[in-house]
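One-letter residues, chain by chain:
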Amino acid sequence: MISLTNNNKARREHIEMHFDKAGVAFDFFDAVTKDQIEKEQLLTGVDLSESKLNDSEKACFLSHAKIWKMMLDREIDYLAIFEDDIHLSESASMFLSDPNWIPVEMGLVKLEKSNKYYNITNKKIPAIGGRSLIKLKKTNWGSAGYIISLEYVRYLMKRLADKKTIMTVDDELFTPALNEGMELFMLEPAICIQDFTLNERKKSSFPSTIDPRKNKSEKNKLTPWTKMKRELSRISPFFLVERHLLSRRTKYL
């Protein structure tokens, strides 16, 4: 559980309540802060000096990278990684207590509901608890809950070591085109969801401490031209077929 150590009592109590209720054991992992960025880049081998990320995004990225490095050092086969503003499904324990449901070819399973839709033509594998694993075909943003394999971590860390313009952690993790040969899945229905997704940004109890931009309404960020292009795209034949015939809403249960 990635979590800041200072002034973070409400988030930590929230997580303890949810995980205790679900009967899932976990450990807090101290998040990287802005003043630790330079040191953690050296320790993890992930160089963000030429990336376009702001300091908050760099600290977030390195918090995840620090855990990946720990997996390599300890040779941990699978690890479930979460951020501390999530809500956890009561049925999560069956997915977090035993890895035997995970397909051997899996590099990554996204456990979080973030994108609103998924394409029904994507490869689907039955999982336990009436859920399915949906293979990702395009970027699926949000890094608040996922299971990652040691094989994927080895591949990812090697790829990042040679990359100069590293993007956000969810872009690097959940973009299939960047991770050729790796099997990336999402669990549907999801077993976790961020507070601002569940309760809408304006009503969220936990404004983002990682990226303040997440706290702003998407509507307020769009220019008139962007709004017009978005509305025009929504009436295109391609969009209508994809959204209404080939897509299903993602769920959190």
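The structure this text deals with has already been given above.
Because the structure is a prediction, the values reported are computed rather than measured. (Residues numbered from 1 in each chain as written. Predicted model: local features only at pLDDT ≥ 70, side-chain atom pairs only at ≥ 80, totals over all residues. Heavy atoms only, no water.)

Of regular secondary structure, the protein chain possesses ten helices and 13 strands. Among the 253 residues that make up the protein chain, the fraction classed as buried is 48%. A sequence separation of at least 24 residues applies to 75% of the contacts in the protein chain between residues at least 6 apart. Summed over all atoms, the accessible surface of the protein chain reaches about 13700 Å², with 53% contributed by carbon and sulfur. (Helix = DSSP H or I, 4+ residues; strand = E, 2+ residues; numbered from the N terminus. Buried < 20%, exposed > 50% of the residue type's maximum accessible area, 1.4 Å probe, protein only. Contact = heavy atoms within 4.5 Å. Areas by Shrake-Rupley, 256 points an atom, 1.4 Å probe, with all protein chains shown as cover.)

On to the pattern of salt bridges. Following the criterion strictly, the structure yields eleven salt bridges and no others. With its nearest N and O atoms 3.1 Å apart, the salt bridge here joins Asp73 to Lys69. Of the two residues, Asp73 and Lys69 are both situated in helix H3 (residues 55-74); the distance of four residues between them amounts to about one turn of the helix. One salt bridge in this structure joins Arg159 and Glu172, with 2.9 Å as the shortest N-O distance. One end of the pair, Arg159, is in helix H5 (residues 150-161); the other, Glu172, is in helix H6 (residues 169-174), and 13 residues separate them in sequence. Among the residues examined, Arg159 registers a relative accessible area of 15% and is labelled buried. (Salt bridge = Lys/Arg side-chain N within 4 Å of Asp/Glu carboxyl O.)

A few words on the sheet that holds strand E5 (residues 106-110). Across the sheet, six strands lie side by side as E3-E10-E5-E11-E9-E8; this open sheet has mixed pairing. Taken across any chain shown, the strands that pair with only one partner, and hence form the sheet edges, are strand E3 (78-82) and strand E8 (124-126). When the angles between neighbouring strand axes are averaged without regard to direction, this sheet yields 25°. Inspection of the sheet shows E5 paired to strand E10 (residues 145-149) by three bridges, in the antiparallel sense. Its bridge partner being in E10, Val109 is matched across the sheet by Ile147. Across the sheet, H3 touches E3 and E10, and the angle it forms with E3 is around 165°. (Pairing = 2+ DSSP bridges. Axes fitted to C-alpha atoms, helices over the stretch in contact; angles between N-to-C directions.)

Moving on, we come to the nonpolar core. Judged by nonpolar contacts, the single largest core of 36 residues is most densely connected at Phe61, Trp68, Ile148 and Leu173. When contributions to this core are tallied by element, the ones reaching two or more residues are H3, E10, H5, H6 and strand E11 (183-188). Tallying contributions element by element places H3 first for this core, with nine residues. Sequence-distant contacts of Leu173, that is, excluding residues within four places in its chain, are made with Trp68, Leu108, Tyr146, Ile148, Tyr152, Leu156, Asn179 and Leu184. Counting residues in each nonpolar core, the second largest holds 24 residues, with Met1, Val24, Trp101 and Ala127 among its members. (Core = buried A, V, L, I, M, F, W, Y, C linked by side-chain atoms within 4.5 Å.)

Attention now goes to the packing of helix H2 (residues 37-44) against H3. Interaxial distance between H2 and H3 falls to 10 Å at its minimum, and their mutual angle equals 30°. Read as a crossing pair, H2 and H3 show a hand that is left-handed. Between H2, through Ile37, Glu40, Gln41, Leu43 and Thr44, and H3, the contact on the second element is made entirely by Asp55, Lys58, Ala59, Leu62, Ala65, Lys66 and Lys69. Per-class residue counts for the contact of H2 with H3 are five nonpolar, two polar and five charged. (Left-handed = near helix turned anticlockwise from the far one by under 90°. Nonpolar A, V, L, I, M, F, W, Y, C, P; charged D, E, K, R; others polar.)

This is a description of form; function is not addressed.
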